[in-house]
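These are the residues of each chain, in order.
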Amino acid sequence: MAAAPGQYTESAVTDELVATMARPPTDEGAMPDSDPETIVAGLIDRARAAMDAYENHDQARVDEAVTALAWSLYKPENARALAELAVEDTGLGDVESKVVKNTRKTFGTLRDLMRVRTVGVIEDLPGRGLVKYGKPVGVVGAVCPSTNPAATPVNKAMMALKGGNAVIIAPSPAGQKTTLETVRLMRAELAKAGHPQDLVQILPPPVDKAMTQALMNRSDLVVVTGSQNNVRRAMKSGTVTIGVGPGNVPVIIDSTADLADAAQKICASKIFDNATSCSSENAVIVLDDVYEAAMAALVEAGGYRCTPSEKAEIEAVLWRGGMLNRRVIAKDADVAARAFGLPEAAERAKFFMVEEAEVGGKHSFADEKLSLVLTVYRAGDFADARRIATAILRVTGLGHSVGIHTADPDRARELAASTDVVRVLVNQAHTFGNGGSFDNAMPFTLSMGGGTWAGNTISDNLNWSHFINVTHLVTTIPEDRPSEAEMFADHWAKYGR
């Protein structure tokens, strides 16, 4: 019998989902083979059979399937139940933030997907003699992180099915209970809408590296969010791979910024889901002439300004053996404050500020922290602020993003022109704007490419266009051939023939 949304039981998920999905499609009574390659081969076969039955030539039916997936998570009781299960399952983040993430990201992605054609004729340009046809890429292997064990699987599944594909999800071992329940709900909604359930599948537990690698090897496209180790292994698999790089966002507070507004936005963004987002501010760089005023505004917004000795205590706890300490990452402020040995005043704060004079290296306060610790740097001028931001990104996060709070658009343009990142957000709460927002033009996503700077194949937010192949029907047009003079006249005039 199926478990009610959020009422996870091992037997419910195993009996209803895992046992039916993992067994070979030709033998309905068999138990799943323990060999990862055999298990994944069976899932791939089921995915291809589902694609054959999917009405993916019909944009209206495709859009119904995508909407079904969105509703499976957006539905209020499901969004909350899966948020609660995710925190219980992983020990990371905050329930209320995950409810917002489950609904806002899903709704925004659905908005984006409903506005585009992806199957059949997707563009007709008669003046250019060109017709474009969207076609599936095939079976998508979607590797998902523990930080978003519900939102990311749905996000990727929506994009995959929008392109007419099937998807097999590789959950993080730390979040697999949540992802199993998420997949069960997606499959149930697909069935209600008359679509093959096997358009969405999941690797059966216990998930391990061998099974995830087998999926990477056999899929037609792999999309990886999370562990950089997974990204590297996917890139080496021989399968076409879209991987995303780590975040470590530095944000500049310019002399012209509205300090109260900047502080409020930085606070809201930093504390969202206890700083688990790759877009969460990890450092703030404040220009010298507004430094103390900006610090006062950040304290007013909820920050705790650590003393040098408290900073040392945080550093001693935040990293253990060259790794971030799971006892403090993504934890509520009061829990983290006690673990850091901070006073009661810090327990009542929303986040903790440590001030640094120089940019350190890996496992320093310049690195990604996945916690409510915000590093603050003092810059002599705007050029110095840009230098510090670049130095931070070279530690971790090159290619990902940077932010600026300013009233001077030229400063924002200068930052964008001189910094090797895909996204530069101006006067925004970074976590809420970087992966798409209703008040900016970035596509909604939970996976953000960092271009070649980050070793990624995309310099964009992951979106529907990455899940289709395009056939170009080409017919002749009146000849478009300029004269030699049009092409070479300037060169001849400057340098001769």
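Just so you know, these numbers come straight off a predicted model, no measurement behind them. (Residues numbered from 1 in each chain as written. Predicted model: local features only at pLDDT ≥ 70, side-chain atom pairs only at ≥ 80, totals over all residues. Heavy atoms only, no water.)

K.L.:
If you had to explain the packing of helix 10 (residues 259-271) against helix 11 (residues 291-301) to someone new, which residues and values would you point to?
P.N.:
Where helix 10 contacts helix 11, the two axes come as close as 8 Å, and the packing angle between them is 45°. Taken together, the axes of helix 10 and helix 11 lie oblique to each other. The element helix 10 and its partner helix 11 pack so that their crossing is right-handed. On helix 11, the residues touching Leu259, Ala260, Ala263, Gln264, Ile266 and Cys267 of helix 10 are Ala293, Ala294, Ala297, Leu298 and Ala301. Along the lines of polarity and charge, the residues of the contact of helix 10 with helix 11 split into ten nonpolar, one polar and no charged. (Axes fitted to C-alpha atoms, helices over the stretch in contact; angles between N-to-C directions. Helix = DSSP H or I, 4+ residues; strand = E, 2+ residues; numbered from the N terminus. Parallel < 35°, antiparallel > 145°, perpendicular 65-115°, else oblique. Left-handed = near helix turned anticlockwise from the far one by under 90°. Contact = heavy atoms within 4.5 Å. Nonpolar A, V, L, I, M, F, W, Y, C, P; charged D, E, K, R; others polar.)

K.L.:
Before we move on, could you go through empty space enclosed by the protein and cite the residues and values that matter?
P.N.:
Over the atoms, a rolled probe matching the size of one water molecule traces out where space is still vacant. A full pass over the atoms with the stated rule returns one cavity of 30 Å³ or more. Considered as a void within the structure, the largest cavity measures approximately 50 Å³ in volume. Residue lining of the largest cavity: Leu82, Ala83, Ala86, Lys98, Lys101, Asn102, Asn148, Pro149, Ala150 and Ala151, and that is the complete set. Elements supplying a minimum of two residues to the lining of the largest cavity: helix 4 (76-90) and helix 5 (95-114). Considered class by class, the residues forming the lining of the largest cavity number six nonpolar, two polar and two charged. (1 Å grid on protein atoms, 1.4 Å probe; cavity = no way out; pocket = protein on both sides within 12 Å on 5 of 7 lines; lining within 4 Å. Points joined across faces, edges and corners; volume = space filled by probe spheres on them.)

K.L.:
So what about the pattern of salt bridges? Which residues, and what values?
P.N.:
Evaluation of the coordinates by the stated rule reveals 29 salt bridges. Residues Arg338 and Asp334 are paired through a salt bridge, measuring 3.9 Å at the closest nitrogen-oxygen approach. Note that Arg338 and Asp334 are positioned in helix 13 (residues 333-340) at a spacing of four residues, about one turn of the helix. When its relative accessible area of 48% is taken as the criterion, Arg338 is described as partly exposed. (Salt bridge = Lys/Arg side-chain N within 4 Å of Asp/Glu carboxyl O. Buried < 20%, exposed > 50% of the residue type's maximum accessible area, 1.4 Å probe, protein only.)

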